[in-house]
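Spelled out from the first residue to the last, the chains are:
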Amino acid sequence: MAIPRIVLFGATGFTGRLTAEALVARGARPLLAGRDQTRLTALADALGGGLPIAVADVGRPESVRRIVAPGDVLISTVGPFVRWGEAAIAAATEAGAVYFDTTGEPTFVKRIFQRHGPAAAARGAALVTAFGYDYVPGNLAAALALRKAGPGAVRVDVGYFVEGGTARRASAGTRASALGMVLEPMYGFREGRIVPEHGRTRKFLVDGRVRHGLSIGASEHFTLPPAHPGLREVNVYLGWLGGLTRVAGVLAKATPVIAALPGVRRATEALADRVLRTGGAGAPAGAGMSSSVVAEAYDAGGRRLAVVHLTGGDPYEFTAGVLAWAATTALAEGVRGTGALGPVDAFGLDALTRGCAEVGMTVRG
């Protein structure tokens, strides 16, 4: 039988390359997979030579299935995931492998938990979606806050904030995914169930500053309630837009109407394709780039019971590092369960805390 290995699909993209570097830095020898053999060979050489490569393309799903075997750990960085993510999920599910991806797309996250999770469980596969800056730190911060709050907590709010050069750092894949998200239906978790949502905003106090966040569908809505049966409400907010957050909230409320207009979705996809063709890689990480994630737990009367604040550096570097930690850990020890899993489900709260600390995301309280 073949020895299980880490397979990195999308290795030559911006996030894929960072992840490949992080894996090699941890002593791993991943199979580098992607569409272009020349670029794969160049990447393998740049990483010291000797790494195996394989050509695989989402347009030929059988080529993706061929590179994944039982016991493997598959990392997919091939986005936008709503359009191109299915081939990797099918390959991991069929093989009974452990799967991680880097999506931040709400529709894809929802699809993993509601559509693909049961099939994966039946085949002994584990699907751990959104395993990067979106949305590992929020899952961790919320779980820690809920543990501190105790059984009286019925609501948890999570906010993500980044400082310093976010727009320049964003890769073409991130920008294309963001365009795809514009017209997708958002969701929240209230009254104990997933509900449609558009345009909710709120303020957080982060290091003495008032920061605004816009609600977004995330993995926290699916992962936290099963582990904390008393939860009735989960809210996740992105605070990357600063003072424009309120304006974005107003526009988000109009999304269902805009999405229904003829030709709008096709035009958005065409624009995303153009971004991918011409956008190039993100700018190098800057020394001034930092990230903060805040989670606040509340009781039924609206009283705040606990707050946890995580701090770190560049979100892309965190994503690559935490993926490398997760993949090497999963290959050596496995994960806790099958089907669609959250990061805490897969590794346990204490292990995930240590893993995030290893790659620069630390708990402040």
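Counting restarts for each chain, with residues numbered from 1 along the sequence as it is written. Confidence filtering applies because this is a predicted model: local features only for residues at pLDDT of at least 70, side-chain atom pairs given and counted only at 80 or more, and all residues used for totals across whole chains, interfaces and linings. No hydrogens and no water enter the side-chain calculation; it runs on all heavy atoms of the structure.

When helices and strands are tallied, the chain shows 16 helices and 16 strands. Exposure classes here rest on a 1.4 Å probe applied to the protein chains alone. A residue is buried below 20% of its type maximum, exposed above 50%, and partly exposed in between. Classification of the 365 residues of the chain by burial places 55% in the buried group. When contacts within the chain are restricted to residue pairs at least 6 apart in sequence, long-range pairs at least 24 apart make up 73% of them. Roughly 15,400 Å² of accessible area belongs to the chain as shown, and the carbon and sulfur atoms make up 55% of that amount. Only DSSP runs of H or I covering at least 4 residues are called helices, and only runs of E covering at least 2 are called strands; the numbering of each starts at the N terminus. Between two residues, a contact is recorded if the distance between any of their heavy atoms is within 4.5 Å. Computed by Shrake-Rupley with a 1.4 Å probe, the accessible areas treat only the displayed protein chains as cover when residues are assessed.

This part is about the side chain of Asp314. Within the secondary structure, Asp314 is located in the loop between strand S14 (304-312) and helix H14 (315-333). Of the polar contacts made by the side chain of Asp314, one reaches the backbone nitrogen of Glu317; its length is 3.0 Å. In protein, a polar contact means a hydrogen-donor-capable atom and an acceptor-capable atom, both N or O and within 3.5 Å, with residues adjacent in sequence counting only if both atoms are side-chain atoms; elsewhere, any N or O pair within 3.5 Å suffices.

This brings us to the environment of Thr311. Note that Thr311 resides in strand S14. Residue classification places Thr311 among the buried residues on the basis of a relative accessible area of 18%. Placed 20 residues apart in sequence, Thr311 and Ser291 show a C-alpha to C-alpha distance of 5.8 Å. Apart from the residues within four sequence positions on either side, Thr311 is in contact with Ser291, Ser292, Gly360, Met361, Thr362 and Arg364.

Another point: the pairing of strand S1 (residues 6-9). Alternating positions in S1 separate into two faces, Ile6 and Leu8 on one and Val7 and Phe9 on the other, with burial throughout. Note: two strands are recorded as paired if DSSP finds a minimum of 2 bridges between them. By the bridge criterion, three bridges tie S1 to strand S2 (residues 31-34) in an arrangement that is parallel. The residue bridging Val7 from the neighbouring strand is Leu31, located in S2. Viewed along the sheet, the connection from S1 through helix H1 (residues 14-25) into S2 turns out right-handed. When the strands point away from the viewer, a crossover counts as right-handed if the route from the first strand across the helix to the second turns clockwise.

Time to look at the pattern of salt bridges. The salt bridge criterion pairs a side-chain nitrogen of Lys or Arg with a carboxyl oxygen of Asp or Glu, the two atoms within 4 Å. Following the criterion strictly, the structure yields 17 salt bridges and no others. A salt bridge links Glu21 to Arg17, with the nearest nitrogen and oxygen atoms 3.7 Å apart. Here Glu21 pairs with Arg17, and both are found in helix H1, just four residues apart, close to one helical turn. By relative accessible area, Arg17 is classed as partly exposed at 35%. Two residues, Arg202 and Asp157, come together in a salt bridge whose shortest N-O distance is 2.9 Å. Placement of the pair is Arg202 in strand S10 (residues 201-206) and Asp157 in strand S7 (residues 155-163), with a sequence separation of 45 residues. As far as burial versus exposure is concerned, Arg202 and Asp157 are alike and both buried. Via salt bridges that share partners, Arg155, Asp157, Arg202, Glu296 and Arg304 belong to a single interconnected network.

For Asp157, a relative accessible area of 1% puts it in the buried group. Expressed as a C-alpha distance, the spacing of Asp157 and Phe204, which sit 47 residues apart in the sequence, is 9.6 Å. Those residues within four positions of Asp157 in sequence are excluded, and the remaining contacts are Arg202, Phe204, Asn235, Tyr237, Val294, Ala295, Glu296 and Tyr298. Here the side chain of Asp157 touches Asn235 through a polar contact of 2.8 Å, side chain to side chain.

Time to look at the sheet that holds strand S3 (residues 53-55). Pairing is parallel in the open sheet, where seven strands are placed in the order S3-S2-S1-S4-S5-S6-S15. With partners counted over all chains shown, the strands left at the sheet margins are S3 and strand S15 (339-340), one partner each. Strand direction decides the pairing type here: strand S6 (residues 126-128) and S15, joined by two bridges, are parallel. When the bridges of S15 are listed, Ala126 appears paired with Gly339.

What is meant by a nonpolar core is a set of buried Ala, Val, Leu, Ile, Met, Phe, Trp, Tyr and Cys residues, joined one to another through side-chain atoms within 4.5 Å. Of all hydrophobic cores here, the largest spans 102 residues; its most connected members are Leu32, Tyr99, Phe100 and Phe131. Top element by residues in this core is H14. It accounts for 10 residues. Tyr99 has contacts with Leu74, Ser76, Ala88, Ile89, Ala92, Phe108, Ile112, Ala126, Leu127 and Val128, leaving out every residue within four places of it along the chain. Membership of the second largest hydrophobic core comes to five residues, among which are Phe161, Phe204, Tyr237 and Val294.

None of the figures reported here should be taken as evidence of function without further support.
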